[in-house]
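So the chains spell out like this:
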Amino acid sequence: MVDTAAHDDETPEIGRRALLAGSVAAAGAVGCGALPAAAAPHPGPGDPRFPFKWKHSVYGMRGNDIAIRSGRGREGRFGVMFKREAAFSPPDELIKSLAAQMGEPSGPNPADFDNPRIPAGFTFLGQFIDHDMTLDRTPLPEQEADPRGLTNFGTPQFDLGSLYGRGPRLDPQLYEADRTRMKVVRNPNGVDDLPRNADGAAYLGDPRNDENLIVSQLHLAFAKFHNRCLSTRLARSLADAQRLTRWHFQWIIVHDFLEKVVGPEVVGRFLDTRGRVRQEFYRPMNPNRPMMPIEYSVAAYRFGHSMIRAGYLLNQRTTPPAAAAIFGAEGSDLRGGRQLPSRLEIDWWHFFDVPGKPTTPRNQARRIDGKLSLPLFNLPASVVPDGTPSLAERNLIRGKRLGLPAGQDVAARMGVTPLTNAQLGLPDPDNAGWQGKAPLWFYILKEAELSYAGERLGPVGGRIVAEVIIGILGLDRNSYLRVNPRWRPSAPIAPVPGQFRAGDFLKFALAL
């Protein structure tokens, strides 16, 4: 298979952002079927930021082929974090044979794959975080003039561009008439929803947040958090409410999301108690326009593919409880691009630890390991019409095509004792195929499985993810780490100063 991310004359890639948080998950109990393509949502008529017709689970990453097109030492929108490590290019047939072994076995109890450390909401929060980081707001003419993303690109930031768009003047459809509050509508199904056009597609700063009904409801919660900052008079202006919402979001990324997926001691390695950021390997040449490393975007942050469940419980308001899948019967699945059905409105305590709410039943994420759930292991033709249904194969081939180094080479460069291929389950007795090395994405998944039973990322994956995310926050002049590194969430948003998690965010946003 020729990877679409590395060739201009092919369709946009199946993005990890679309798949990271369950956008191709399916609940076995509720069936699996074709997913109609979502409508083409956009922030406003003629908006140039999304140059192709939107399709569910399809999004290109402009410029991520920089290593093979412009050289490993070049940086633009993307770059190479470990520039001295050579690209790893095992034979395609060997990669395909590995991918064929990466499906979850169907025999054991599905609960055996649950991650007791991470509730499933963090899988979707990971998708939301990634969309915010990777949003390409470069105007279309500049994108066309620079398809490699070497000169014309915005820097990755956690500024909630997916929520705020270009502001009330250029994207008025995202805001109420006062140009201060975010627009929330009561839809014909009797539930709060995002503003939508006649086709059902949401008006958003980033249409990817309308891919499925879980991430779109998470986006709605962020809009409500912003509005509640205003209604409680914690904020007196649009700028005040944006700052509060952004900073609480950034705090959650560091002190909840990252602590869950990499461990608090890894967070502490790159961010000390005084808010100072440490750099080891993520050192962008231009700190004012930092690049996004391909080792992060094409390998390490794809750990979420392994966390996706086959199905999700949304609420227990009915008998039987409301559970749904992305691929299911039309009208009962989780596809986006439509009004939120009342039956599928989420009670968030099934996804996060919300103070004062039930702790069971809760959807848990899957363990981070070398296996993918069946819906990702065998994607439907409606999502991948090119005849390569295996997400594992697509990821592994993409990594090779974009010039990723081997997992063992990155580990050695970090000073971490590399895992052997025998430990990873890649026996190569004659040393003729794998050459004693493994693809970086697979290495990171298996490292998590072998190091922490899949409950969190291992030394290589965890450090890449933490250093890049914290590094980008540290380089953003408007982040709380730069403006006020001693800032802490406080009452009434955080009843206990500095102890603020995603469940607290939802409790305040939704007045639970």
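J.: Help me understand the overall build of the protein chain in this model?
T.: Summing up its helical and strand segments, the protein chain has 18 helices and eight strands in all. By the burial criterion, 61% of the 512 residues in the protein chain qualify as buried. Sequence separation of at least 24 residues holds for 76% of the intrachain contacts in the protein chain that already meet a minimum separation of 6. With an accessible surface of roughly 18600 Å², the protein chain has 51% of that area assigned to carbon and sulfur atoms.

J.: Just checking my understanding: could you explain helix α8 (residues 238-261) for this structure?
T.: Think of an α-helix as 3.6 residues a turn; residues three or four steps apart then line up on the same face. The end-to-end C-alpha distance of α8 is 33 Å, a good match for the 34 Å that 24 residues give at a rise of 1.5 Å each. Along α8, the sharpest kink reaches roughly 35°, centred on Ile253. Along α8, 18 of the 24 residues are buried, which leaves the element largely enclosed by surrounding structure. At the exit of α8 stands Gly263, carrying a positive phi of roughly 105°.

J.: What's the story with the nonpolar core in this structure? I'm lost.
T.: Nonpolar side chains tend to gather and get buried jointly when the protein is soluble and globular. Ranked by internal contacts, the top residues of the largest apolar core, which has 132 residues, are Phe303, Ile464 and Val465. When neighbours within four sequence positions are excluded, Ile464 is seen to be in contact with Met81, Phe82, Glu295, Tyr296, Ala300, Val410, Met414 and Ile444.

J.: Got a minute to help me understand the packing of helix α13 (residues 407-414) against helix α16 (residues 459-475) in this structure?
T.: Each packed pair of helices is defined by two parameters, the angle between the axes and the distance between the axes. Contact pair α13 / α16: the axes reach a minimum separation of 10 Å and the direction vectors enclose 70°. As far as their axial angle goes, α16 and α13 are roughly perpendicular. Of the residues in α16, those touching α13 at Val410, Ala411 and Met414 are Val460, Arg463 and Ile464. For the contact of α13 with α16, the residue count by class is five nonpolar, no polar and one charged.

J.: I tried to follow the side chain of Ser479 on my own but got confused; where do I start?
T.: Structurally, the position occupied by Ser479 is in the loop between α16 and α17 (480-483). Every residue in contact with Ser479, bar those within four places of it in the chain, is listed here: Trp247, Gln250 and Leu473.

Reading the values: the criteria
Residues numbered from 1 in each chain as written. Predicted model: local features only at pLDDT ≥ 70, side-chain atom pairs only at ≥ 80, totals over all residues. Heavy atoms only, no water. Helix = DSSP H or I, 4+ residues; strand = E, 2+ residues; numbered from the N terminus. Buried < 20%, exposed > 50% of the residue type's maximum accessible area, 1.4 Å probe, protein only. Contact = heavy atoms within 4.5 Å. Areas by Shrake-Rupley, 256 points an atom, 1.4 Å probe, with all protein chains shown as cover. Expected span 1.5 Å × (residues − 1). Bend = angle between axes of the 7 residues up to and from the residue. Core = buried A, V, L, I, M, F, W, Y, C linked by side-chain atoms within 4.5 Å. Axes fitted to C-alpha atoms, helices over the stretch in contact; angles between N-to-C directions. Parallel < 35°, antiparallel > 145°, perpendicular 65-115°, else oblique. Nonpolar A, V, L, I, M, F, W, Y, C, P; charged D, E, K, R; others polar.

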